[in-house]
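What follows is the residue order along each chain.
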Amino acid sequence: MAGLMVAGAFLTPVIQVIVERVVSGDYKDIFKKRMVNKLEINLNSINQVLDDAETKQYQNPNVRIWLDDIKHEVYEVEQLLDEIATSAQRKSKVKHFFSSLTNQFESRMKDSLDKLEHLLKQNDVVGLKEGTSARNGLEVGPESSKRVPTTSLVDESRILGRNGDKEEIIDFLLLDNGSICNHAPIISIVGLGGMGKTTLARLVYNDDKVQNSFELKAWVYVSNPFDIFGLTKEILEQFNSPTDESLEILQRQLQQTVMGKKYLLVLDDIWKANEKSWEQLLIPFNKGSSGSKMIVTTRSKDDASAMDSVKLVELEQLEESNCWSLFVTHAFQDRNVNEYPDLESIGKMIVDKCGGLPLAVKTMGNLLRKNFSKNEWEKILKTDMWRLSERDSDINPVLRLSYHNLPSNSKRCFAYCSIFPKGYEFHKNELIKMWMANGLLNSYKSNKSKEELGSESFDDLESISFFQRSLGGSFVMHDLVNDLAKSESGEFCLQVEGEKVQEISERTRHIWCSRNLKAGDGILKHIYKAKGLHSLLVNRRGDGGECFMKSNNVQCDLFSKLKYLRMLSFCGFGFSFENQELADEIGSLNSLRYLDLSWTNIKRLPDSICKLYNLERLELKGCRNLTEFPLDFYKLDHLRHLNLEGTAIKKMPKQIRKLNHLQTFRTRFVLINYLSFDDNNNMNFA
């Protein structure tokens, strides 16, 4: 059973690590002792009021502004220390280097100190108190050891209160009532987020009678925005048919696939489907056999009506008895509830606050299981965080409270996930490496590795259902959880996609950018405003569109203006690089830890890539034109993970064995656990 989850303030571990670094003496040649002492005092004073600020920010917008200002300045200090450490390690004449740049670093630190001191003076103005708990009794202690893509799999043993709805839908599906239009009859399941629409659709889809009644069956998650091309392709693949890259051909293939066949199609989680687009999506289904059916899930009755649904099933909140049974399943697990009368009484009052929302009941049950004591349950029951401001009206208070009780590292890691679009599937190890690259796993006074800390944070988030398992070992976030992450990250994390070029704050640290932006190169002018950007993930979504990363000139601008990048991904860019190579300026990204060039058409890596002293992870999977590495590749001293699957590389350069920190090395076919070399010190592939 999981241990106690001990809450902590979002910024606490960052502040602790900064203080530990500056007082250790490593920066004595740069900062005067008076400056170091002042930084330590200011940061410790801020840390004393963080708990109070984290609660009051939901009722007082001035506190939220103050807290965001503090985050930005703390991040600036963290970034400065990282820049100094990186530069110092790369210089052979450290003293000369320090003497030439001390004034610059000292000036920047002084600027941050002045701003932190000014913010500290505002404590009384915004009503913050030192040493008080942010949770009105929830203790703070040391750390503990665009919509969700869905699948049809379901654990029926944990589903309560939907049998009547299930049988009603199944009866409708099994009626051979023909078609009243040019496509199969549509039944819509409508309800609020977290009400169990997807779960009910899964129960129906997996019923034996339903499975045996249709020749073709497909379960497709609908992305936002509504993408005809992507949906048509996904439906065809679910029907086990080959796909093409043309919408015209795809629709004709789909029409041929369903012709004369009795099919069942589930389209899960539709939002604001354009009527014209919806009609075009349905065109291929006019040749199916009598008895074919469609199920859609949506939050809106208007959307259900626009889709010409012939039947609508509107989900209500779970009844009190079913809510309690679901809560007991997760909160008490294998314990006998009758043996804990005090907890039973408190638990029923907490369940009553969940408003009959299954997701809220499940999440709260998981949280209380990890804090299984009368004292902890009473603290959660009595906290003021059940009351949210109007600004947070769309965020479920149960989810907010569950987030608030996470350990500090887990809070930061969760907020980072807000850059992912709704519908994004991720793997545990991959996400942990992203957290590591962005410095989100602080190990203050801990002997645990970054990987161990990341695994703990991931397990924390999975244990309270913020991360949920999907097919193939991947994980997803529910819509409402994704919304919570965006609410907590604010302007520091951002998704950029669609036709509208949105304003980007200079404080933004992490950006997910869709490759199919209509705005093209113009979006870069906005991204450049985020001078302290740490993550830039440019990924393909939808059916392509104009790519803004074609020329070397664009790359040069990006690499020179976003010099603090720690993670950069051009994964899936295909033939988007005009010269089939990276610009030499990539070598100026001294802070880069993670570079993903998978599935690009690059032929060579520039020699300057060997200057990326901090690079820990290099992803080159699917780079079929890549045949060789720079001769000085061995200088990437900190490289820990190298993926060459699907490349044309047959030989590694000399002295490659000097990569002492290499932990995983994936070649075209296998994962190499150890390296072998020929007499000339070359590593050869069979």
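Before reading further, recall that the structure is shown in the block above.
The following paragraphs examine the structure supplied in this document. (Residues numbered from 1 in each chain as written. Predicted model: local features only at pLDDT ≥ 70, side-chain atom pairs only at ≥ 80, totals over all residues. Heavy atoms only, no water.)

**Let's talk about the overall build of the protein**
Then step 1. Along its length, the protein carries 23 helices and 18 strands.
Then step 2. Each of the 686 residues in the protein was classed as buried or not, and the buried ones make up 56%.
Then step 3. Here the protein has roughly 29,500 Å² of accessible surface; of this, 45% comes from carbon and sulfur atoms. (Helix = DSSP H or I, 4+ residues; strand = E, 2+ residues; numbered from the N terminus. Buried < 20%, exposed > 50% of the residue type's maximum accessible area, 1.4 Å probe, protein only. Areas by Shrake-Rupley, 256 points an atom, 1.4 Å probe, with all protein chains shown as cover.)

**Thoughts on the side chain of Lys293**
Then step 1. One can find Lys293 in strand E4 (residues 293-298).
Then step 2. Within the structure, Lys293 has its side chain in polar contact with the backbone oxygen of Leu173 (distance 3.3 Å).
Then step 3. Polar side-chain contacts of Lys293 include one of 3.3 Å to the backbone oxygen of Gly291. (Polar contact = N/O pair within 3.5 Å; in protein donor to acceptor, adjacent residues only side chain to side chain.)

**Focus on the sheet that holds strand E3 (residues 263-270)**
Then step 1. Pairing in this open sheet of 5 strands is parallel, and the strands run E2-E3-E4-E1-E5 from one edge to the other. Each of the sheet's edge strands pairs with one partner strand only, and the pair in question is strand E2 (216-221) and strand E5 (311-314). The sheet shows a mean angle of 15° between the axes of neighbouring strands, taken without regard to direction.
Then step 2. Pairing between strand E1 (residues 186-190) and E5: 4 bridges, direction parallel. Residue pairing in the sheet places Ile189 in a bridge with Val313 of E5. (Pairing = 2+ DSSP bridges. Axes fitted to C-alpha atoms, helices over the stretch in contact; angles between N-to-C directions.)

**Comments concerning the nonpolar core**
Then step 1. Phe31, Met364 and Trp435 are the most contacted members of the largest nonpolar core, which totals 125 residues.
Then step 2. Per element, the largest residue contribution to this core is 11 residues, and it comes from helix H3 (residues 61-90).
Then step 3. Beyond its immediate chain neighbours, meaning those up to four positions away, Met364 contacts Phe327, Ile350, Cys354, Ile380, Trp386, Val398, Leu401 and Ser402.
Then step 4. Core analysis: the next-biggest nonpolar cluster, separate from the first, contains 49 residues, Leu536, Leu565, Leu597 and Leu605 among them. (Core = buried A, V, L, I, M, F, W, Y, C linked by side-chain atoms within 4.5 Å. Contact = heavy atoms within 4.5 Å.)

**Regarding the packing of helix H9 (residues 228-238) against helix H11 (residues 275-282)**
Then step 1. At a minimum axis separation of 10 Å, H9 and H11 run at an interaxial angle of 25°. Relative to H11, H9 is oriented roughly parallel. Pair H9 / H11 crosses with right-handed handedness. On the side of H9, the interface is formed by Ile228, Leu231, Thr232 and Ile235, while H11 contributes Ser277, Gln280 and Leu281.
Then step 2. Residues belonging to the contact of H9 with H11 are distributed by class as follows: 4 nonpolar, 3 polar and no charged. (Parallel < 35°, antiparallel > 145°, perpendicular 65-115°, else oblique. Left-handed = near helix turned anticlockwise from the far one by under 90°. Nonpolar A, V, L, I, M, F, W, Y, C, P; charged D, E, K, R; others polar.)

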